[in-house]
Amino acid sequence: MSAPSLSQILGTPLSAPPAHSGCSAGSCGSKPSRVAGLTADIQKKVQDHPCYSEEAHHHFARMHVAVAPACNIQCNYCNRKYDCSNESRPGVVSEVLSPAQAIKKTLAVAAAIPQMSVLGIAGPGDALANPARTFEVFRALQQRAPDIKLCLSTNGLMLPQYVEQIAAANVDHVTITINCIDPDVGAQIYPWIFWEHRRVSGREAAEILIAQQQKGLEMLVARGILVKVNSVMIPGINDEHLKEVSRVVRAKGAFLHNVMPLISEAEHGTHFGLSGQRGPTPAELQALQDACAGDMNMMRHCRQCRADAVGMLGEDRGAEFTLDKIEAMEIDEVAAMARRVALRASINAELEAKRAARHAAPVVQIKAPSRGRPVQMAVASSGQDLVNQHFGHAREFLIYEASSAGVRFLGSRRAAQYCGGESECGEAENTLARTIATLADCEVVLCSRIGFEPWSKLEAAGIQPNGEHAMEGIEAAVLSVWQEMLVAGKLERAPFAEQMRA
């Protein structure tokens, strides 16, 4: 029998989707302007979901419970490891929980962190390769903490079989990892899948996986379940192909596309890491995200979280909620839920007031926009959408671009903590050098405070430290700095990095 064509696998004509008013290539996340154009039902689902809304992730927390150890496919970028408390990447956990332990931990975390709005099952294997464990947790939390949103992440191989159970459990957010829609590309990413009681390899495995993913996506959308698609950008394998992936999943109703960089350090022990497959540069990732963006949101605030992550995006408070500590906690489930509901309502009211104020604010015309080239800036922030972190304490930097068109969020970049001590992040001078290299394409770093030594070395690298906007809103601070640079004539010159290359 001849292999099916790509259009047969996808079940949809490969023509351009209809045009809609929506995100431009410069938009990102579920920004307020984008959310405002959605149906009321989807707005309600998104507004306090930190993994779906770029705005919400500054205010709400999420939690993953690691109850799904088994996986039914092998990915060349994956190596599930345990007891790696200092390592942050998908598939990594410190302990696999039983469903009963996961339920108790969720209720304990939700009582201690009232900002928690989402509980997800994302591994360390695949949620739907462990259906009994996954749905036992969902059924219990549906009864005992109905205010918490339930999510799952899956490779999609078994998704069509479980769509009805997903809907019955009130899971209204599902993430599918779709790295290709071409079996020849898939054969380079997936060595094998386990399908119908046998291991299938090569192109045949990729064909089956792709067909199941696309069928599952269509079924979820038909049931009104919000779908985010994750894709791992693998240079030289699927980087150009992901533009087509984005177009197809958008046409089929996916709400959000998250193009993530391949994590390929050799010490992680993945096939790609050991074979020398490199990950993308920040510029390559940004260019692909821009190319994929259309009338579907592009997610740029993803932190590629552990499968047992707890807290706000970019932080992990899992060490506070180990099983022995949970056993000693007394939890009033009813009172805890009341606190969560009240806090959530307060935060959403505050965010709505800010959106209304932005909408009502007069448009400020910036003089001489032709001289206002875009400027990339890094921000040290511990959350709440504020410039509120010391440069030396930052484990990641948020990257923004300011221009005459406004401010847009480009993503986050991990960094070693400069002031964390040698046991934490290595010798300080080398740590600072790595951080400066990470931010090499930025012209400004905004932070609440910064020491003399890093200030001097950042300046020498052409990156201007700025601590004048501490505790201000990030976007307002970024725009203010850009306008100051415009007025001072600094934007008439090429960025420092370009001057050095000339």
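For the structure itself, look to the data block above.
What you see is a predicted model, and the numbers here were worked out from it, not measured in a lab.

Visitor: Help me understand the overall build of the protein chain, please; the structure alone is not making it clear to me.
Guide: When helices and strands are tallied, the protein chain shows 18 helices and 16 strands. Every one of the 502 residues in the protein chain was classed for burial, and the buried ones make up 53%. By sequence separation, contacts in the protein chain at least 24 residues apart represent 73% of the contacts at least 6 residues apart. Taken as a whole, the protein chain presents about 21,500 Å² of accessible surface, with 53% of it coming from carbon and sulfur.

Visitor: What is the right way to look at the packing of helix H9 (residues 242-251) against helix H11 (residues 282-292) in this model?
Guide: Helices that pack against each other are described as a pair by the angle of their axes relative to one another and the distance between those axes. Relative to each other, H9 and H11 sit at 35°, their axes nearing to 9 Å. Note that H9 runs across H11; the crossing there is right-handed. Contacts between H9 and H11 involve Leu-242, Lys-243, Ser-246 and Arg-250 from the first element and Leu-288, Ala-291 and Cys-292 from the second. Of the residues assigned to the contact of H9 with H11, the class counts are 4 nonpolar, 1 polar and 2 charged.

Visitor: Sorry, what's going on with the pairing of strand E14 (residues 406-414) here?
Guide: Sheet topology places strand E13 (residues 396-403) next to E14; 8 bridges connect them, and they run antiparallel. Note that in E14 the partner of Leu-398 across the bridge is Ser-412. Counted between consecutive antiparallel strands, the loop separating E13 from E14 contains 2 residues.

Visitor: How should I be thinking about the packing of aromatic side chains in this particular structure?
Guide: In this description, a pair of aromatic rings is defined by centroid distance and the angle of the planes. Using the criterion set out here, one finds 4 aromatic pairs in the structure. Through a chain of ring-to-ring contacts, the aromatic side chains of Phe-135, Phe-138 and Tyr-162 assemble into a single cluster. Taking NZ or CZ as reference, Arg-199 lies 3.9 Å from the ring centre of Trp-192, over its face.

Visitor: Sorry, what's going on with the environment of Arg-139 here?
Guide: As for its position among the elements, Arg-139 is in helix H5 (residues 131-144). Exposure remark for Arg-139: the relative accessible area of 48% places this residue in the partly exposed category. For the pair Arg-139 and Ala-169, spaced 30 residues apart in the sequence, the C-alpha separation amounts to 6.0 Å.

Visitor: Which parts of the structure should I look at to understand the sheet that holds strand E7 (residues 198-201)?
Guide: Strand pairing within a sheet occurs via backbone hydrogen bonds; the two strands may be parallel or antiparallel. Within the open sheet, the 3 strands sit side by side as E2-E6-E7. Their pairing is antiparallel. The open sheet has two edge strands, strand E2 (73-74) and E7, and neither has a second partner. Looking at chain direction, E2 and strand E6 (residues 192-195) are connected through 2 bridges and run antiparallel. Looking at the pairing, Ile-73 lines up with Ile-193 of E6. Along the sheet, helix H8 (residues 202-222) contacts E2, E6 and E7; its crossing angle with E7, the most-contacted strand, is approximately 105°.

Visitor: Even after reading the chapter, I still don't get the sheet that holds strand E16 (residues 464-466), so can you show me in this structure?
Guide: With respect to topology, 5 strands assemble into an open sheet ordered E14-E13-E12-E15-E16, the strand pairing being mixed. At either margin of the open sheet sits one strand with a lone partner, and together these are E14 and E16. Averaged over all pairs of adjacent strands, the angle between their axes in this sheet comes to 25°, without regard to strand direction. In the sheet, strand E12 (residues 375-379) pairs with E13 via 5 bridges, with the strands oriented antiparallel. Across the sheet, residue Met-377 finds its bridge partner in E13, namely Tyr-400. Packing against the sheet, H11 makes contact with E12, E13 and E14, and its axis sits at approximately 135° to E14.

Visitor: Just to check I follow, could you spell out the environment of Glu-429 for this structure?
Guide: Summarising the element assignment, Glu-429 is placed in helix H15 (residues 428-438). For the pair Glu-429 and Pro-454, spaced 25 residues apart in sequence, the C-alpha to C-alpha distance is 9.2 Å.

Visitor: Would you explain the side chain of Asn-130 in this entry?
Guide: Position of Asn-130 relative to the elements: it lies in the loop between strand E3 (116-121) and H5. For Asn-130, a relative accessible area of 8% corresponds to the buried category. Those residues in contact with Asn-130, other than ones at most four positions away along the chain, are Ala-68, Pro-69 and Ala-70.

The rules behind the values
- Residues numbered from 1 in each chain as written.
- Predicted model: local features only at pLDDT ≥ 70, side-chain atom pairs only at ≥ 80, totals over all residues.
- Heavy atoms only, no water.
- Helix = DSSP H or I, 4+ residues; strand = E, 2+ residues; numbered from the N terminus.
- Buried < 20%, exposed > 50% of the residue type's maximum accessible area, 1.4 Å probe, protein only.
- Contact = heavy atoms within 4.5 Å.
- Areas by Shrake-Rupley, 256 points an atom, 1.4 Å probe, with all protein chains shown as cover.
- Axes fitted to C-alpha atoms, helices over the stretch in contact; angles between N-to-C directions.
- Left-handed = near helix turned anticlockwise from the far one by under 90°.
- Nonpolar A, V, L, I, M, F, W, Y, C, P; charged D, E, K, R; others polar.
- Pairing = 2+ DSSP bridges.
- Phe/Tyr/Trp six-rings, centres within 6.5 Å; stacked < 30°, edge-to-face > 60°.
- Lys NZ or Arg CZ within 6 Å of the ring centre and 35° of its normal.

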